[in-house]
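Letter by letter, the chains look like this.
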Amino acid sequence: MIMVDRVIMPTLTPPRPQTMTYSVSPIGFVRSCFKEKFAIPRQPQLAPAARGVLELVAPFDQGDAVQGLEHVSHVWLLFLFHQALEEKPRLKVRPPRLGGNKSMGVFATRATHRPNGIGQSVVKLDKVEANRLWISGIDLLDGTPVLDIKPYVPYADIIATASNTIASAAPQLIAVEWTDAALHQANGHAQRLAEPLVELIEQCLAQDPRPAYQTPAPEREYGAQFWDVDVRWHYPTPDLIRVLEVIPAKA
Ligand code: SAM
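In this report, the structure presented in the accompanying data block is examined. (Residues numbered from 1 in each chain as written. Predicted model: local features only at pLDDT ≥ 70, side-chain atom pairs only at ≥ 80, totals over all residues. Heavy atoms only, no water.)

1. Here we look at the overall build of the chain
Then comes step 1: A count of helices and strands for the chain gives three helices and twelve strands.
Then comes step 2: The principal-axis extent of the C-alpha atoms belonging to the chain is close to 85 × 45 × 45 Å.
Then comes step 3: The buried share of the chain, taken over its 251 residues, is 34%.
Then comes step 4: In the chain, the share of contacts with a sequence separation of at least 24, taken over all contacts with a separation of at least 6, comes to 71%.
Then comes step 5: A total accessible area of about 16,000 Å² is found for the chain, and carbon and sulfur atoms account for 55% of it.
Then comes step 6: Across the chain, the mean location of the 25 positive side-chain charges is 9 Å away from that of the 26 negative side-chain charges. (Helix = DSSP H or I, 4+ residues; strand = E, 2+ residues; numbered from the N terminus. Buried < 20%, exposed > 50% of the residue type's maximum accessible area, 1.4 Å probe, protein only. Contact = heavy atoms within 4.5 Å. Areas by Shrake-Rupley, 256 points an atom, 1.4 Å probe, with all protein chains shown as cover. Lys, Arg positive; Asp, Glu negative; His and termini not counted. Charge placed at Lys NZ, Arg CZ, Asp CG, Glu CD.)

2. Some remarks on the packing of aromatic side chains
Then comes step 1: One pass over the structure, following the stated rule, counts six aromatic pairs.
Then comes step 2: Ring centres of Y222 and W233 lie 6.2 Å apart, and the angle between their planes is 15°; this geometry places the pair in the stacked category. Remark: W233 occurs in strand β11 (residues 229–237) and Y222 occurs in strand β10 (residues 221–226); sequence separation between them is eleven residues.
Then comes step 3: Note on Y222 and Y235: the rings are 5.3 Å apart at their centroids and 80° apart in plane angle, and the pair reads as edge-to-face. (Phe/Tyr/Trp six-rings, centres within 6.5 Å; stacked < 30°, edge-to-face > 60°.)

3. A short note on the sheet that holds strand β2 (residues 51–56)
Then comes step 1: With antiparallel pairing, the six strands of this closed barrel are ordered in space as β1-β2-β7-β6-β3-β8. The sheet shows a mean angle of 45° between the axes of neighbouring strands, direction not considered.
Then comes step 2: Inspection of the sheet shows strand β1 (residues 28–32) paired to β2 by five bridges, in the antiparallel sense. For V30, the partnering residue across the bridge sits in β2 and is L54. (Pairing = 2+ DSSP bridges. Axes fitted to C-alpha atoms, helices over the stretch in contact; angles between N-to-C directions.)

4. Observations regarding the site of the ligand
Then comes step 1: Taken together, 21 residues lie around the ligand, and Q43, H82, R110, D139 and T144 are the ones closest in.
Then comes step 2: Q43 places a polar side-chain atom, nitrogen or oxygen, 2.9 Å from a nitrogen atom of the ligand.
Then comes step 3: Relative to its unbound accessible surface of 600 Å², the ligand loses 92% to contact with the protein.
Then comes step 4: When residues of the shell around the ligand are traced back to their parent elements, those giving at least two are β3 (74–80) and β6 (118–128).
Then comes step 5: With three residues, the single largest contributor to the shell around the ligand is β6.
Then comes step 6: When grouped by side-chain class, the residues that make up the shell around the ligand number nine nonpolar, eight polar and four charged. (Near = heavy atom within 4 Å. Polar contact = N/O pair within 3.5 Å; in protein donor to acceptor, adjacent residues only side chain to side chain. Nonpolar A, V, L, I, M, F, W, Y, C, P; charged D, E, K, R; others polar.)

5. Examining the sheet that holds β10
Then comes step 1: Strand order in the open sheet formed by four strands is β9-β12-β11-β10, with mixed pairing between adjacent strands. Unpaired on one side and paired on the other, β9 (175–178) and β10 mark the two borders of the sheet. For this sheet, the mean inter-axis angle between neighbouring strands, taken without regard to orientation, is 35°.
Then comes step 2: Pairing geometry for β9 and strand β12 (residues 240–248), over four bridges, is parallel. Among the inter-strand pairings, E177 is bridged to a residue of β12, identified as R242.
Then comes step 3: This element, helix α2 (residues 180–193), spans β9, β11 and β12 of the sheet and lies at about 50° to β12.

6. Remarks on the pattern of salt bridges
Then comes step 1: Enumeration over the complete set of coordinates arrives at twelve salt bridges.
Then comes step 2: Salt-bridge contacts for E221 lead to R232; the nearest nitrogen and oxygen are separated by 3.2 Å. One end of the pair, E221, is in strand β10; the other, R232, is in strand β11, with eleven residues separating them in the sequence.
Then comes step 3: Among the residues examined, R232 registers a relative accessible area of 29% and is labelled partly exposed.
Then comes step 4: If you follow the salt bridges from partner to partner, you end up with R31, E55, K127, E129 and R132 in one network. (Salt bridge = Lys/Arg side-chain N within 4 Å of Asp/Glu carboxyl O.)

Dropping the structure here:
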């Protein structure tokens, strides 16, 4: 018979609440196609044509810090929701995905209002330069401060058995159509910008940016800025978006 010593667990004392002050500073800032929060997809990868550049700041802008990233297809960005920072932490939030009228624990959501304002997005890495990374599939506002970059590691980051019954599938897409004039305008701006602007607009509007609780009247117009153009659209029926115009944004 084998005797096994009983392991006596030490009594666990809860850590004392303490306030710690950390110094965190951005390693760079994103230049993004998204100039306002409205119409940005709710997660990365939903709009592959959403592109931007992560401009690194000193001392990370000399090439050493990104050496090796040319072997990596995607990176995690840890960033600050700089346009959603709040003094008082929220314990419950109302995610737009749940219609904006149902509250849920902040840690069960990807809401922008968070205790330390930290967001994370996995984005495609299109090109690596010494002082900047060209990225796509982003869900980041222009000017977003980035705190860290980490390579996506498929064997560890893909969890085949993972589940989340609150967000079990990507949002349902809505049909997007163009007026002839708007498509002509968009193609012209796409050429000037050398950006896939038509695809960007279609991919973002197909996410249906309007708050879930709003039933749009056909005469109501919506608008958002992508790059340096203003896009205006309406809902001829609740499940169809028609792009009306794509014009230079007001300065
Ligand atoms: N993927 C990230 C995450 O899970 O932490 C962000 C998810 S959050 C639901 C995505 C929304 O954040 C976007 O639709 C956009 O409106 C908003 N957003 C993006 N960048 C932001 C910023 N710098 N400050 C405030 N809001 C931002």
